[in-house]
Amino acid sequence: MKLLKVCLAAFPFVSQLAVIPFVNRIEPMICGLPFLFFYCIICLPLTSLSLGLLFLIEQKEAKVALDSNTSTGGVSQ
Amino acid sequence: MSQSAIALTTILAIGIFCCFIGLLAGKGNRKATNLEQWSVGGRNFGAFFVWFLMAGEIFTTFVFLGGAGWAYTKGAPVYYILTYAGVAYALSYFILPPIWKAGKRLKLVSQPDFFIKRYDSRLLGALVAFIGVAFMIPYLQMQLTGLGIIVEVSSYGAVGRAPAMILAFALVALFTFTSGLKGSAWASTIKDLLMIIAVLVVGIGLPYIYHGGIGHLFAKMAVQHPDYLILPGNTKTMGVSWFVTTCALSGMGFYMWPHIFGSVFSSKSGEALKKNAIFMPLYGCASLFLIFVGFTALLTIPGLQNGDMAFFTLARQTYPAWFVGFLGGAGALTAMVPASVLLISASTLIARNVYQQIFRPDASDKTVTFLARSVVVVLTAVSLYLAIFKSTMLVNLLLIGYNGISQFFPAVILGLLWKRTTKPGALSGIIVGIAIVGYLTFNGLDPFMGCNGGFIAMVVNAIVLIVVSLLTSRPPQVVLDRFFGTAE
């Protein structure tokens, strides 16, 4: 889980900065767009996706932590 | 009615409608005379308002005109407006919640407050306020220039650029006085709505009308201007290394703008900021339609002297006057609303962080509020002067602003992550960074050796910060405890 979180957190930066030198080309055209342009666009929804997943995992972990706290504290719900 | 009268009336109607909304929203709370209300809106904006305030910041007149303008003159380097947004929002997911938390605990309202509390130094706070305001001037100049272009072109030349900018100046100052932050947030929602309609209609419509669709547009581009489609485009210096360093720098700089940093404090929770970070990249996609427009203009009306005028020149020869007016109105709002948010924070910085905290701690709230409003007038006047007499391409103004403002990033981030960061470290890092930016900018050396000049300055800045911090003694534990909330 920890590894997954690191990957999700790193994804936007790796894809939008480190990978750019390897995608600077026109072909193949995708959806009628030159490859570099298409790549820059597609990275935006993928960034949303990876941050969204990260957020869900964090929420779930926070909830689990909270539940275990209340159960050990003996507070009934 | 003549075409220019129709277009101008539409623009004015949209502008006045928005001022009216701002006024109404600003009047809604009686405490608007209080500086904290005026500047952070009472720290109770939910995700909705923060979203529009922040999302609004990326849709300025720069995207509206400069995006198309850069595609038209330079080609592929313009893709950076998509990528830097993704980098900025992704970073915000991680850095804004801790900044917000510190803000909430210590009741911070502005960026210099953050520096004052973390580094226990009013001097550093004042310096940050000054530098912040100084680099807001090119940003403001950009909004006024954009507004001038819009009115000039969409009035079919009936109103000259200078009178248009003076009119813009008056509208922006008036709007800023009456509305405050809450009014701006409301106006921002209207602005974004109009902007999205305008961008979709034009971004899909123009390529379709002139070239039979987006696919055909790029097929033609690939034959006629293949060099425009990949880096370095139609330039010599803006290759891959420039692109990557610029996206990194602008991404890191985005939340360092004093007005955007300040808007973090108006959020209700850290979670609202994270949710924003998740959805904003989708919103950032809107800029791609302006790139379509820029390429369409390149194929259809080549040879314009000023690329920033490509969008409206093409729109004017395609659409009826009322729709040109609608585009002009939407475009005018993309300049007015961000300009007013900018002015509110710049004037608060000068009046509160410099005047009240350094020179006259006993100044009354009334005096400070009065001073803040005077600063609004002075700053707009300076930007107006620059916009009229020192005109330059919109994107260059934006890049100069980013180069300077990003120099706060090391002191903010290392200040949060590394307790060993000291006041002399932060101070010398910022000074060295700004000095390098100034040197490169005034000597025309940016981009420097294929990289973004501001990025190089920031790397040196961070190194200086770390070395000086290690050489100076550890910050007092009391200050750290107070800032990080570890005292309890």
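Above this text you will find the structure in question.
Here we summarise the structure given alongside this text. A quick note: this is a predicted structure, and the numbers were derived from the prediction, not measured.

1. Quick notes on the overall build of chain B
Piece 1. The number of helices and strands found in chain B is 21 helices and 0 strands.
Piece 2. Computed over the C-alpha atoms, the radius of gyration of chain B is 22 Å, within 12% of the 23 Å expected from 2.2 N^0.38 for a compact globule of 488 residues.
Piece 3. Seen along its three principal axes, the alpha-carbon backbone of chain B occupies a region of about 65 × 50 × 40 Å.
Piece 4. Buried residues in chain B amount to 64% of all 488 residues.
Piece 5. Put simply, 85% of the contacts in chain B that link residues at least 6 apart link residues at least 24 apart.
Piece 6. On chain B, roughly 17,100 Å² of surface is accessible, and the fraction owed to carbon and sulfur atoms is 69%.
Piece 7. Of the charged side chains in chain B, 31 are positive and 14 negative; the average position of the first set lies 4 Å away from that of the second.

2. Details of the interface of chain B and chain A
Piece 1. In this complex, chain B contributes 37 residues to the contact, which on the side of chain A involves 28 residues.
Piece 2. When chain B packs against chain A, the two sides together hide about 2,800 Å² of surface, and 82% of this comes from carbon and sulfur.
Piece 3. Joining chain B to chain A, the criterion identifies 1 salt bridge.
Piece 4. Counting across the chain B and chain A interface gives 5 residue pairs in polar contact (both at pLDDT 80 or more).

3. Points about unusual backbone geometry
One can expect most non-glycine residues to show negative phi and most peptide bonds to be in trans.
Piece 1. Pro28 of chain A follows Glu27 of chain A through a cis peptide bond whose omega is -5 degrees.
Piece 2. Along the chain, Pro28 of chain A falls in the loop between α1 (2–18) and α2 (35–73).
Piece 3. One non-glycine residue with positive phi stands out, namely Cys31 of chain A, at about 50 degrees.
Piece 4. Structurally, Cys31 of chain A is set in the loop between α1 and α2.
Piece 5. By relative accessible area, which is 66% here, Cys31 of chain A ends up exposed.
Piece 6. Residue Asp120 of chain B is not a glycine yet carries a positive backbone phi of 50 degrees.
Piece 7. Within the secondary structure, Asp120 of chain B sits in the loop between α6 (111–119) and α7 (122–154).

4. Considerations on the environment of Ala68 of chain B
Residues and elements named next belong to chain B.
Piece 1. As for its placement among the helices and strands, Ala68 is situated in helix α4 (residues 61–73).
Piece 2. Take Ala68: its relative accessible area is 0%, and that puts it in the buried class.
Piece 3. Separated by 384 residues in sequence, Ala68 and Asn452 place their C-alpha atoms 21 Å apart.
Piece 4. Here Ala68 is in contact with Val63, Leu290, Val293, Gly294 and Phe311, once residues within four sequence places are set aside.

5. Side note on the environment of Met393 of chain B
All names here are of chain B.
Piece 1. For Met393, the location among the structural elements is in the loop between α16 (365–389) and α17 (394–405).
Piece 2. Each C-alpha atom, one on Met393 and one on Ser184, is 26 Å from the other, the two residues being 209 residues apart in sequence.
Piece 3. Excluding residues within four positions of it along the chain, Met393 makes contact with Gly69, Trp70, Thr73, Asn306 and Asp308.

6. Topic: the pattern of salt bridges
Pairs can form between side chains of opposite charge whenever their charged atoms are close.
Residue and element names in this part refer to chain B.
Piece 1. Per the stated rule, a full pass over the model turns up 4 salt bridges over all chains.
Piece 2. The partner of Glu152 in a salt bridge is Arg161, and the shortest N-O contact between them spans 2.6 Å.
Piece 3. Using a relative accessible area of 22% as the deciding quantity, one classes Glu152 as partly exposed.
Piece 4. According to the relative accessible area criterion, Arg161 is partly exposed, its value standing at 22%.

7. What to know about the side chain of Thr246 of chain B
Piece 1. Assignment of secondary structure puts Thr246 of chain B in helix α10 (residues 240–254).
Piece 2. Ignoring sequence-local partners within four residues, the contact set of Thr246 of chain B consists of Tyr80, Gly251, Leu399 and Asn452 of chain B.

8. Some thoughts on the nonpolar core
Side chains that are nonpolar tend, in soluble globular proteins, to be buried together.
Piece 1. Ranked by internal contacts, the top residues of the largest apolar core, which has 170 residues, are Phe37 of chain A together with Tyr79, Tyr80, Phe115, Phe295 and Phe311 of chain B.
Piece 2. Sort the elements by how many residues they give to this core and helix α15 (residues 321–359) of chain B lands first, with 17 residues.
Piece 3. Once you skip the residues sitting within four places of it in the chain, Tyr79 of chain B turns out to touch Pro34, Leu36, Phe37 and Cys40 of chain A together with Leu229, Phe243, Ile291 and Phe295 of chain B.
Piece 4. With 10 residues, the next largest nonpolar core counts Ala9 and Ile57 of chain A together with Ala90 and Ala277 of chain B among its residues.

9. Things to note about α7 of chain B
Residues and elements named next belong to chain B.
Piece 1. Counted at 1.5 Å a residue, the expected span for α7 with its 33 residues is 48 Å, and the 47 Å between its end C-alpha atoms agrees.
Piece 2. Of all bends in α7, the biggest is about 25 degrees, found at Ile137, and the proline Pro138 comes one to four residues later.
Piece 3. Counting buried residues along α7, 27 of its 33 residues qualify, which places the element largely inside the surrounding structure.
Piece 4. Of the residues flanking the start of α7, the one acting as N-cap is Ser121, its side-chain oxygen 3.4 Å from the backbone nitrogen of Leu123.
Piece 5. With its phi angle positive at about 55 degrees, Tyr156 sits one or two positions after the end of α7.

10. Here we look at the packing of α15 of chain B against α16 of chain B
Residues and elements named next belong to chain B.
Piece 1. Remark: α15 packs on α16, axes separated minimally by 8 Å, with the N-to-C direction vectors making an angle of 130 degrees. Considered as vectors, α15 and α16 are oriented oblique to each other. As for how α15 packs across α16, the hand of that crossing is right-handed. Where α15 abuts α16, its residues Leu343, Ala346, Ser347, Ile350, Ala351, Arg352, Tyr355 and Gln356 lie against Asp365, Val368, Leu371, Ala372, Val375, Val376, Leu379 and Thr380.
Piece 2. In the contact of α15 with α16, the residues fall into 11 nonpolar, 3 polar and 2 charged.

11. Considering a nonpolar patch on the surface
Piece 1. Residues Ile42, Leu46, Leu49, Leu53 and Leu56 of chain A make up a contiguous nonpolar surface patch of roughly 430 Å² in combined accessible area.
Piece 2. The residue Leu53 of chain A is located in helix α2 in this model.

12. A closer look at the packing of aromatic side chains
All names here are of chain B.
Piece 1. The full count for this structure, using the stated rule, is 29 aromatic pairs over all chains.
Piece 2. An angle of 70 degrees between the planes, with centres 5.7 Å apart, marks the rings of Tyr84 and Tyr402 as edge-to-face. Pair noted here: Tyr84 is in helix α5 (residues 80–106) and Tyr402 is in helix α17, with a separation of 318 residues, a long-range link.
Piece 3. Put simply, the rings of Trp70, Tyr80, Tyr84, Tyr89, Tyr139, Trp242, Phe254, Tyr255, Trp257 and Tyr402 touch in pairs and so form one group of aromatic residues.
Piece 4. In this structure, Lys419 is placed above the aromatic ring of Phe484, and the distance from its NZ or CZ to the ring centre is 4.8 Å.

Rules used in this analysis
- Residues numbered from 1 in each chain as written.
- Chains lettered and ligands numbered in written order.
- Predicted model: local features only at pLDDT ≥ 70, side-chain atom pairs only at ≥ 80, totals over all residues.
- Heavy atoms only, no water.
- Helix = DSSP H or I, 4+ residues; strand = E, 2+ residues; numbered from the N terminus.
- Rg over C-alpha atoms; globule rule 2.2 N^0.38 Å.
- Buried < 20%, exposed > 50% of the residue type's maximum accessible area, 1.4 Å probe, protein only.
- Contact = heavy atoms within 4.5 Å.
- Areas by Shrake-Rupley, 256 points an atom, 1.4 Å probe, with all protein chains shown as cover.
- Lys, Arg positive; Asp, Glu negative; His and termini not counted.
- Charge placed at Lys NZ, Arg CZ, Asp CG, Glu CD.
- Buried area = accessible area lost by both parts, 1.4 Å probe.
- Salt bridge = Lys/Arg side-chain N within 4 Å of Asp/Glu carboxyl O.
- Polar contact = N/O pair within 3.5 Å; in protein donor to acceptor, adjacent residues only side chain to side chain.
- Core = buried A, V, L, I, M, F, W, Y, C linked by side-chain atoms within 4.5 Å.
- Expected span 1.5 Å × (residues − 1).
- Bend = angle between axes of the 7 residues up to and from the residue.
- Axes fitted to C-alpha atoms, helices over the stretch in contact; angles between N-to-C directions.
- Parallel < 35°, antiparallel > 145°, perpendicular 65-115°, else oblique.
- Left-handed = near helix turned anticlockwise from the far one by under 90°.
- Nonpolar A, V, L, I, M, F, W, Y, C, P; charged D, E, K, R; others polar.
- Patch = residues over 30% accessible without salt bridge, like charges linked within 9 Å, V, L, I, M, F, W, Y side chains within 5 Å.
- Phe/Tyr/Trp six-rings, centres within 6.5 Å; stacked < 30°, edge-to-face > 60°.
- Lys NZ or Arg CZ within 6 Å of the ring centre and 35° of its normal.

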